[in-house]
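Residue-level structural notes
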Amino acid sequence: MNKAWFAAACFTAWALCPQIAAAEELTIYTYESFTADWGPGPKVKQNFEKECSCTVKFVAIQDGVAMLNRLQLEGAATKADVVLGLDNNLVTEAKELGLFAPHGLDPAKHRAPQWRDEFFMPYDYGHFAFVYDSQVLSKPPQSLAELVNGAGDEKIIIEDPRTSTPGLGLLLWMKDVFGEGAADAWRRLKGRILTVTPGWSEAYGLFTKGEAPMVLSYTTSPAYHVIEEKTDRYKAANFSEGHYVQIEVAGVIKGSPRLDLARRFIAFMMGPGFQDVIPTTNWMWPAGEISKPLPAAFDALIQPTKTLMIDPDMVARNRKRWTEEWLNATSR
Amino acid sequence: MASGGILLFVAIPVCGLIAASEARESTISLSDPYVLQILRFTLLQAVLSAGLSIALAIPIARALARRQSFAGRDLLLRLFAVPLGLPQLVAVLGLVSVFGRQGWLNSLLGSVGLPPLPSLFGLKGILLAHVFFNMPLAVRFLLARLDAVPQEYWRLAASLGFPPPSVFRLIEWPHMRTVLPGVFALIFMLCVTSFTVVLTLGGGPQATTLEVAIYQALRFDFDPVLAARLAGLQILLCALLLIGLQGMTLGFVGGARLAASTVRPDSGDKGGKVLDILLIGCGALLVVLPLAAILWDGLDADMSRLAGNATLWRAAMWSLILGLSAAVLATLTASTLARAIARSRGTVALIFRMSGNLVLLIPPLVLAAGMFLLLHRLVDPQHLAPYAVVAINAIMALPFAMAVTEPAFRGSFLVHDRLADSLGIEGLSRFRLVEWPVIKRSLALGFLVALLVSIGDFGIIAFFGSEDLITLPLYLYQRIGSYRFNDAAAIALVLLVVCLALSWIIERQSRREARFSQ
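Residues numbered from 1 in each chain as written. Chains lettered and ligands numbered in written order. Predicted model: local features only at pLDDT ≥ 70, side-chain atom pairs only at ≥ 80, totals over all residues. Heavy atoms only, no water.

All right, on to the overall build of chain B then. For chain B, the count of helices and strands is 21 helices and 0 strands. Considering chain B as a whole, with its 518 residues, one finds that 60% of them fall into the buried category. Contacts spanning at least 24 positions in sequence make up 84% of the contacts within chain B whose residues lie at least 6 apart. Carbon and sulfur atoms make up 69% of the accessible area of chain B, which totals about 20400 Å². (Helix = DSSP H or I, 4+ residues; strand = E, 2+ residues; numbered from the N terminus. Buried < 20%, exposed > 50% of the residue type's maximum accessible area, 1.4 Å probe, protein only. Contact = heavy atoms within 4.5 Å. Areas by Shrake-Rupley, 256 points an atom, 1.4 Å probe, with all protein chains shown as cover.)

Residues and elements named next belong to chain B. The assigned domain composition of chain B is domain 1 (1–25 + 301–518) and domain 2 (52–192 + 270–299). For domain 1 versus domain 2, the separation of C-alpha centres amounts to 24 Å. Contacts between the two partners involve 35 residues from domain 1 and, on the opposite side, 27 residues from domain 2. Of the roughly 2800 Å² buried between domain 1 and domain 2, counting both surfaces, carbon and sulfur atoms make up 75%. On the domain 1 side of the interface with domain 2, the three residues burying the most area are Phe400, Leu493 and Leu496, jointly 17% of the side's total. Between domain 1 and domain 2 we count 0 salt bridges in total. The interface formed by domain 1 and domain 2 includes 0 residue pairs in polar contact (both at pLDDT 80 or more). (Domains from an automatic or database assignment. Buried area = accessible area lost by both parts, 1.4 Å probe. Salt bridge = Lys/Arg side-chain N within 4 Å of Asp/Glu carboxyl O. Polar contact = N/O pair within 3.5 Å; in protein donor to acceptor, adjacent residues only side chain to side chain.)

A few words now on the packing of helix α3 (residues 73–81) of chain B against helix α12 (residues 270–300) of chain B. Residues and elements named next belong to chain B. Relative to each other, α3 and α12 sit at 55°, their axes nearing to 10 Å. The orientation of α3 relative to α12 falls into the category oblique. Like other packed secondary-structure pairs, α3 and α12 cross with a definite hand, here left-handed. Contact residues: Leu76, Leu79 and Phe80 in α3; Ile280, Gly283, Ala284, Val287, Val288 and Leu291 in α12. For the contact of α3 with α12, a count of residues per class yields 8 nonpolar, 1 polar and no charged. (Axes fitted to C-alpha atoms, helices over the stretch in contact; angles between N-to-C directions. Parallel < 35°, antiparallel > 145°, perpendicular 65-115°, else oblique. Left-handed = near helix turned anticlockwise from the far one by under 90°. Nonpolar A, V, L, I, M, F, W, Y, C, P; charged D, E, K, R; others polar.)

Before going further, it helps to examine the packing of aromatic side chains. Enumeration over the complete set of coordinates arrives at 34 aromatic pairs over all chains. Here the aromatic rings of Phe128(A) and Tyr218(A) are separated by 5.1 Å at their centres, their planes lie at 35°, and the arrangement is tilted. Taken as a pair, Phe128(A) in strand β5 (residues 121–133) and Tyr218(A) in strand β8 (residues 214–218) lie far apart in primary sequence, 90 residues in all. Since its relative accessible area comes to 1%, Phe128(A) is described here as buried. Ring centres 6.0 Å apart and planes at 85° place the aromatic pair Phe372(B) and Phe463(B) in the edge-to-face group. (Phe/Tyr/Trp six-rings, centres within 6.5 Å; stacked < 30°, edge-to-face > 60°.)

Attention now goes to the environment of Arg62(B). Positionally, Arg62(B) belongs in helix α2 (residues 33–66). You can call Arg62(B) buried: its relative accessible area is 16%.

Another point: the pattern of salt bridges. Evaluation of the coordinates by the stated rule reveals 15 salt bridges over all chains. In this structure, the salt-bridge partner of Lys175(A) is Glu325(A), at a minimum N-O distance of 3.1 Å. Of this pair, Lys175(A) sits in helix α7 (residues 165–178) while Glu325(A) sits in helix α15 (residues 312–331); the two residues are 150 residues apart in sequence, bridging distant segments of the chain. By relative accessible area, Glu325(A) is classed as partly exposed at 23%. A salt bridge links Arg66(B) to Asp276(B), with the nearest nitrogen and oxygen atoms 2.8 Å apart. On the criterion of sequence distance, the pair formed by Arg66(B) in helix α2 and Asp276(B) in helix α12 is long-range, its members being 210 residues apart. On the basis of relative accessibility, which here comes to 11%, the residue Arg66(B) falls in the buried class.

What follows is about the interface of chain A and chain B. Facing 60 residues of chain A, the contacting portion of chain B comprises 59 residues. For the pair chain A and chain B, the summed buried surface comes to about 5300 Å²; carbon and sulfur atoms form 56% of the total. Its largest share of buried area at the contact with chain B, chain A owes to Trp38(A), Leu73(A) and Arg162(A), together 16% of the area lost on that side. Taking the shortest distance from any N to any O, the salt bridge between Glu228(A) and Arg484(B) comes out at 3.9 Å. For the side of chain A that touches chain B, the class distribution of residues is 22 nonpolar, 21 polar and 17 charged.

In structure tokens form, the structure reads like this:
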């Protein structure tokens, strides 16, 4: 009799063991600068693993667009549980894949401007802005109209909307401000454009080498230079019409076997364990709760008077046409 | 057989990619004026770049061939191989450091009161960058060819008292002519597929190549059918060019020599000496100054902190592993193909040659995406990644390896083949005894070039890279993407040193062996 109880106890213990021993592994697709040593990834992983007693596995894919491409290639066979790093302009195409499930949180409970979506929750945001070298340019333009009509010899460097998200951001910004007159505005701006680079890296590299006094970047760029390089030489120009926003979001995959864990991660993402890390590693504004105040450098950053954003569905429908309009205006 | 294998390897992923995508209505057809415009620009900048690179390379190669020994010659030649191993952005920033608005040259000109250089951006910037990348390569290839001219030619020329124009017309040109079409085609194809350089220095979207349209189609629009069509257009164009160049590769190649150095009786002429120094000097400045700028920026950075970073060493290790594997694969394939070409004639040879060269035109992104699509259900992409990177890099490096090995095999074949046949030497022994000693140096150069191309690649590793699989160019871009330009400069320096070191090791090996066999 005792032996039977003993055997039953052992058997139960053995049956339960796998549950206890094998920690669940959450696979998160994100972009490379997130998982880099100096990015938010390592700290976020550490913090979440403490909370969830699971392991986090990051799959680093080049950038937001490449992530979308990867999902398009993998389809329902994707191994991702969470996809982190798509932005407001990619969301419509991501939804069309039919891979995402609602995140289950209150869609309004965050600090990113103008965003309500039950599938994608924002974790940080930033505004595009023209960053200038204050040692070279003492009077930066105060509005987009001033930039467009400005003197031709003060050159600007911008990114290509066909190959980069900041470039697309500027395209949409001009469209939102000038509407039907966007093509004309581009024609007037063309004389000031030094070059159109494939991505942000090339543009900012040329800017820091002094090729042009202004570059299209983010309002948060100067913060990096203040904190890491101890210089306030680079500043962002505040435009009176407002600035276009880039909101970075995360979503959970419908077919994931760990959907609950994935949703827990999204909830964690909106809390201090994740958000505290964001400002000085991702150089964007946190969209959730933070437990300690932002670094002083962030207070000195410009605050746009107005946030501009075109509805993602409208962007998806018109992107090709607007890009062609841009091409026609700038290359003829 | 080898070429069949290559074609299959390339065609399957592409077809897979096309088949997998839904039949979406492509908004751009091939006759769209937009496509025609970018086609025109692609061709224009490629022809000009290739032509300019070769036009500059010929006199510099001749000058270097005449000046067989001067202090720093070896170092200079090693440096000439380095631009190939650098990611395009690094080279562009190096060029900007030297020729840009706030660059070294402008500072120099400003300090003596001269007006600054014109703006770097536009077609001239693109040409400058392409010449920076390709002229040194062309010089190396041409020099290798000139070094292989039999000593007897020079002695005879000296005893007959040839003036320099005759030396060129009767000795140098016929030999250089045998490699020129291949080199021109290679540089042309490189410039056709150039992406970062064209967009960054182009000055605006009027400077757009087909590659940009392909990139856009594949990434932002996810329209693989359009991407494949545009890639097909690219390939068709270059195929036409290659066919056109076929007529130029005739001519007696002459035996490839074993000895390492030549004595040039015509190198004594004073006037010629000055001209040579001038030519070599200009060529050296164009190549060395931007490299020096990269070195300078790198030294400025916090090297000690970076050196302690484990990721840097891991990236370097992976760069070497993947690069060496790809180079071995590329050289082997190139050799097989080159042998096959040497032994066949007419259309068969043409097909082999084309298949070896045209692979450069297939956008790596298309290959990578196609491969991924086919295999991701069977194999975990993380495990697949290193092999895919090696395979695609080998394909990309193949035309480079072929540009060197093909003439070498052809030469060896012409001289030795019948004799070996009549002596009854076959197969492996034939390779070991007859061909290997003669083509060793060419193979070494081909291997080096393939290695550098693989190390400097960014596009493919960007697709397959991950936390575990990281190479130096990927690490560099990651740093730049987070504002850390100083770190990126240091990594660029590491890359430069690695390329130089590899160049030195490989060439020292082949040079030593050649000297012993003299």
